[in-house]
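What follows is the residue order along each chain.
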Amino acid sequence: MPLLQVNNMTHYFGGLRAVYNYQLEIDKGQLRGLIGPNGAGKTTIFNLITGIYQPTEGEILLESKNLVGLQPYDIAAMGVCRTFQNLRLWRHMTVFDHVRLARYSKLHYGLIGAFLGTARRHREEAESEKMAYELLEMLGISHYADEIVTNLPYGVQRKVEMARAVASEPNLLLLDEPTAGMNPEEMLEMMGVIRQIRDELGPAILLIEHRMKVAMELCETIQAIDFGELIAEGTPEEIRNNPRVIDAYLGKEEVT
Amino acid sequence: MEVRGSTVQPAEAIARNTLLVKVRSQLAQIPLLGWLFGTLTAMAIEQVAGRLLARALGLSGVPGLFGLRIMLTKPALIPSAVAYVLLVYALPTLIVARLSAPLANRLAKLLLDRFPLWVSLVVHLGLLYATLHLWGGTSAYRMLFLSFIFISIILTLSLNLVNGYMGEFSCSHPGFMAMGAYVASILTVLFFVQDDVFGAPLLPPALGPFLFPLALIGGGLVAAVGALLVAIPSFRTRGDYLAIISLAFLFIVKSVIENLEIIGGPRGLMNQPKWANLPTVFAWTAICVWTIYNFTRSTIGKAACAVRDDETAAGTMTINTRRTKMVTFLFAAFWAGVAGGLFAHVMGYINPGTFDVKKLSEVLAMVYLGGLNSVVGSIAGAFGIQLLMEVLRPLELFKWIVIPVLLIVLMILRPTGLIAFTEVNVEDLLKPRQKLEKGR
């Protein structure tokens, strides 16, 4: 049984068809890529899987439980977490709070604990804080723990978002252009981080990438989409040589 | 009560042997406990010698509010008023605080090390209360002033939860306050007072003061139910909906009360027993500040901040956004209701005119003056505005020009308020200072 299975997913924005008949199967621990030109519908697919949009048609099964119609926080609590293409950090909060807070669904001390500070709350929070700190340590940003995120350099902010996404111990991690806006050096570092997360924490990863190099190097298999439709699926080598992918990226040669 | 951050290093003090540095390093050794000893002594001095000293300085009596009003109305007496404040409040506080610092430091350390946090907290609160009791005990005017400050603190803090921590804009706080005030009043009048409308008391009035907290909680809970009615339609989407719906709710509550003859309509409701004396109001304020402080540091309180900063991101990070918003809003409304109940039993009379847009602007001013997202900020804001309104009372109509102008100036100088986005850790506040740490 695959971890995540998406069947015939279609989504319309009004009259615009953003995603059409999309199929996906991911097994535990896989590292998959999703590529396509601008506006192809890659981020929309992420938004559909994480419940931010509801698909017009189709089903999304996480370990054979249907995710369609659930709230984003329910889906996240079931183990699907993501990062965003344009950073979506909480601008008034510290790095540590970001990571700690992503463990929201793991805390069960309830309202009495929140109002009065019970022993149970302190125990659960201490545990959560320990895990958050370890995670920051792993990504090498623990010395920024008490900084407000908006004061940090871009590369670090990216890592914070990554740390926040894995803090809730997801089974499936969706990364939306993790290297967007980075220089080559930062890009290599981020690729290392992604590999590290996969090896040490073991979630399956689905990755949107704009840069072919990153996708080709990281991913085991890649899907290419264009105008919301799946045009190719295969190993990086196959995708690189697939004529439809080349057409989509470079434009079709006019035959005169 | 001040919050002191990192203190001046001894080496630096020797290098720059200026008066200011000396004074600062002296003051930095004083823990909160020492300051409380100081203020307590000052109040005791006022109790014993205040009247005598005031006469000797040519003042007609003990100045009500630190001589501030005397300074405004009779400028010729400014030197006397300043001298009084210095001699009675400032100097004794400073001297006693500094002299008792070694002892206070040891005591503060002992309290924190040997006992759980709450013991230390209770000791500090007890001393604070003793100070206020001595100060307020000298006149009914001061007593009322203190009670209003505490009620304002509850209101401001709870509104800050919604407008600051959660980042929505709620206008219905006076409405929740009115609901709390009326429900608590009806409960106490119905059960414990011989009244023309509600008839003979249902329970022996002697029980009243003991069951009074239940009436307040009842008022708070009804206010929370009111908040639920506002929350259900307005939390479906973000944006200005809450502001509009909550403003409408405020008007609805007011006109419903005005048209209910049984609770007095526009004439108001009276006969409430004045059970909300200073210790009661102080205790409720302490509980309110403590629970809200806890809440803002809890995961669900932080989640409210996350919802404010980016709701989509919060949702995809497992935060139950709807529950977070509901809990925060209802919790805030509960405290507004309790504040209303206290207000009714301080005054012994309420009418719907009190809970109008003017009240709203007052509370909003307190929140935004003090600073969003800060428990200390809200306390400072409530105290600041309340003090301003009292001090500027001799200006009569001009008060309503001076206060808004001051607010505008403040908004230009400090757009986020005096103390915004600042968290103070209670343990840091109570802990012993420098001297002892050096010896360790």
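Computed from a predicted model, the values in this text were never measured in an experiment.

A word on the overall build of chain A. Within chain A one finds 10 helices and 10 strands. Its C-alpha radius of gyration of 19 Å places chain A within 12% of the 18 Å reference for a compact globule of 256 residues. Along the longest, intermediate and shortest principal axes, the C-alpha atoms of chain A span 75 × 40 × 35 Å. The proportion of buried residues among the 256 residues of chain A is 43%. Considering only intrachain contacts with a sequence separation of at least 6, the fraction spanning at least 24 residues in chain A is 67%.

Let's shift gears to the interface of chain B and chain A. Taken together, the contacts link 24 residues of chain B with 29 residues of chain A. Every element with two or more residues in the side of chain B that touches chain A is listed here: helix 12 (278-297), helix 13 (299-309), helix 14 (311-316) and helix 15 (321-347) of chain B. Here the side of chain B that touches chain A is composed, by residue class, of 10 nonpolar, 11 polar and 3 charged.

Moving on: the sheet that holds strand 1 (residues 4-13) of chain A. Residue and element names in this part refer to chain A. Taking strand neighbours across the sheet as the criterion, the 4 strands line up as 2-1-4-5 in an open arrangement whose pairing is antiparallel. Of all the strands in the sheet, just strand 2 (16-26) and strand 5 (65-66) have a single pairing partner and so form its edges. Bridge count between strand 1 and strand 4 (residues 57-62): 5 bridges; the pairing is antiparallel. Looking at strand 4, one finds that Val 6 is bridged to Ile 60. This element, helix 1 (residues 42-49), spans strand 1, strand 2 and strand 4 of the sheet and lies at about 65° to strand 2.

This part covers the packing of helix 6 (residues 154-167) of chain A against helix 7 (residues 184-201) of chain A. Helix-helix packing is characterised by the crossing angle of the two axes and by the distance between the axes. Residue and element names in this part refer to chain A. Helix 7 packs onto helix 6 with a crossing angle of 15° between their chain directions and a minimal axis gap of 11 Å. Considering the angle they form, helix 6 stands roughly parallel to helix 7. As for the relative orientation of helix 6 and helix 7, their crossing is right-handed in sense. Where helix 6 approaches helix 7, its residues Gly 155, Arg 158, Lys 159, Met 162 and Val 166 are matched on the opposing element by Glu 186, Met 190, Val 193, Ile 197 and Leu 201.

All names here are of chain B. Running from N to C, helix 3 (residues 32-56) and helix 7 (residues 117-137) cross one another at 20°; their axes reach a closest spacing of 9 Å. Classified by the interaxial angle, the pair formed by helix 3 and helix 7 is roughly parallel. Viewed along their axes, helix 3 and helix 7 form a crossing whose handedness is left-handed. In this structure, helix 3 contributes Leu 32, Leu 33, Leu 36, Thr 39, Leu 40, Met 43, Ala 44 and Gln 47 to the contact, and helix 7 contributes His 124, Leu 127, Leu 128, Ala 130, Thr 131, Leu 134 and Trp 135. Tallied by class, the residues present in the contact of helix 3 with helix 7 amount to 11 nonpolar, 4 polar and no charged.

Because an α-helix completes one turn every 3.6 residues, residues spaced three or four positions apart along the sequence face the same direction. Taking 1.5 Å of rise per residue, 26 residues should cover 38 Å, and helix 8 (residues 140-165) of chain B covers 36 Å from first to last C-alpha, within 8% of that figure. Looking one or two residues past helix 8 of chain B, B:Gly167 carries a phi angle of roughly 70°, positive in sign.

Before going further, it helps to examine unusual backbone geometry. For A:Asn8, which is not glycine, the phi torsion reads 45° and is therefore positive. Within the secondary structure layout, A:Asn8 lies in strand 1. Phi is positive for B:Asn271, which is not a glycine, with a value near 80°. Mapping B:Asn271 onto the fold places it in the loop between strand 1 (269-270) and helix 12. Looking at B:Asn271, the number of C-beta atoms within 10 Å reads 16, which means it is partly exposed.

Moving on, we come to the pairing of strand 9 (residues 221-226) of chain A. All names here are of chain A. Strand direction decides the pairing type here: strand 3 (residues 31-35) and strand 9, joined by 4 bridges, are parallel. Along strand 9, the bridge assignment pairs Leu 34 with Gln 223. Of the strand pairs in this sheet, strand 9 and strand 10 (residues 229-234) are connected by 5 bridges, and their pairing is antiparallel. The partner of Asp 226 across the bridge, within strand 10, is Glu 229. Joining the antiparallel neighbours strand 9 and strand 10 is a turn of 2 residues, in which Phe 227 adopts a positive phi near 50°.

Okay, the pairing of strand 8 (residues 204-208) of chain A next. Residue and element names in this part refer to chain A. Strand 8 sits mainly inside the fold: 5 of its 5 residues count as buried. Because side chains alternate across strand 8, one face comprises the buried residues Ala 204, Leu 206 and Ile 208, and the other comprises Ile 205 and Leu 207, equally buried. In terms of strand pairing, strand 7 (residues 172-176) meets strand 8 through 5 bridges, oriented parallel. Bridge assignment links Asp 176 to a residue of strand 8, and that residue is Ile 208. After leaving strand 7, the chain enters helix 7 and then returns to the sheet as strand 8, a path that is right-handed.

As a further point, take the environment of B:Thr312. For B:Thr312, the location among the structural elements is in helix 14. Setting aside residues up to four positions removed in sequence, B:Thr312 forms contacts with A:Ile52 and A:Arg88.

Our next topic: the sheet that holds strand 3 of chain A. Residues and elements named next belong to chain A. If you trace the 6 strands from one edge of the open sheet to the other, you get 6-7-8-3-9-10, paired in mixed fashion. Taken across any chain shown, the strands that pair with only one partner, and hence form the sheet edges, are strand 6 (80-82) and strand 10. Adjacent strand axes in the sheet meet at a mean angle of 20°, parallel and antiparallel pairs treated alike. Inspection of the sheet shows strand 3 paired to strand 8 by 4 bridges, in the parallel sense. Bridge pairing in strand 8 places Gly 33 opposite Leu 207. Helix 10 (residues 243-250) contacts strand 9 and strand 10 of the sheet and is inclined by roughly 130° relative to strand 10.

This paragraph deals with the domain arrangement of chain B. Residues and elements named next belong to chain B. Under the domain assignment, chain B is made up of domain 1 (10-136) and domain 2 (139-426). For domain 1 versus domain 2, the distance between C-alpha centres works out to 30 Å. Residue-level contacts link 13 residues of domain 1 with 13 residues of domain 2. Within the residue set of the side of domain 1 that touches domain 2, elements represented by two or more residues are helix 4 (68-73) and helix 7. A per-element tally of the side of domain 1 that touches domain 2 places helix 7 first, with 7 residues.

Rules used in this analysis
The residue count restarts for each chain, going from 1 along the sequence in the order it is written. The lettering of chains begins at A and the numbering of ligands begins at 1, in the order of writing. Reporting in this predicted model follows two pLDDT cut-offs: at least 70 for local features of residues, and 80 or more for side-chain atom pairs to be given and counted; totals over whole chains, interfaces and linings ignore these cut-offs and use all residues. Every helix listed is a DSSP run of H or I at least four residues long, and every strand listed is a run of E at least two residues long, numbered separately from the N terminus. With C-alpha atoms as the basis for the radius of gyration, the globule rule is written as 2.2 Å multiplied by the number of residues raised to the power 0.38. Exposure classification rests on a simple neighbour count of other C-beta atoms within 10 Å of a residue's own: a residue reaching 20 or more is buried, one at 12 or fewer is exposed, and one in between is partly exposed. C-beta atoms are placed from the backbone. We call two residues in contact if the C-beta atoms placed from their backbones are at most 7 Å apart. Note that Gly is not counted as nonpolar here; it falls among the polar residues with everything else outside the nonpolar set of Ala, Val, Leu, Ile, Met, Phe, Trp, Tyr, Cys and Pro and the charged set of Asp, Glu, Lys and Arg. Note: two strands are recorded as paired if DSSP finds a minimum of 2 bridges between them. All axes here are fitted lines through C-alpha atoms, helices being fitted over the stretch that makes contact, and every angle between N-to-C directions spans 0 to 180 degrees. Orientation categories follow fixed angle ranges, with anything under 35 degrees roughly parallel, anything over 145 roughly antiparallel, 65 to 115 roughly perpendicular, and all other angles oblique. By the definition used in this description, the sense in which the near helix is turned from the far one sets the handedness, with an anticlockwise turn below a right angle giving left-handed and a clockwise turn giving right-handed. Residue count minus one, scaled by 1.5 Å, sets the expected span of a helix. Throughout, right-handed denotes a crossover for which the path from the first strand over the helix to the second runs clockwise when the strands point away from the viewer. Marked domain ranges trace back to an automatic or database domain assignment.

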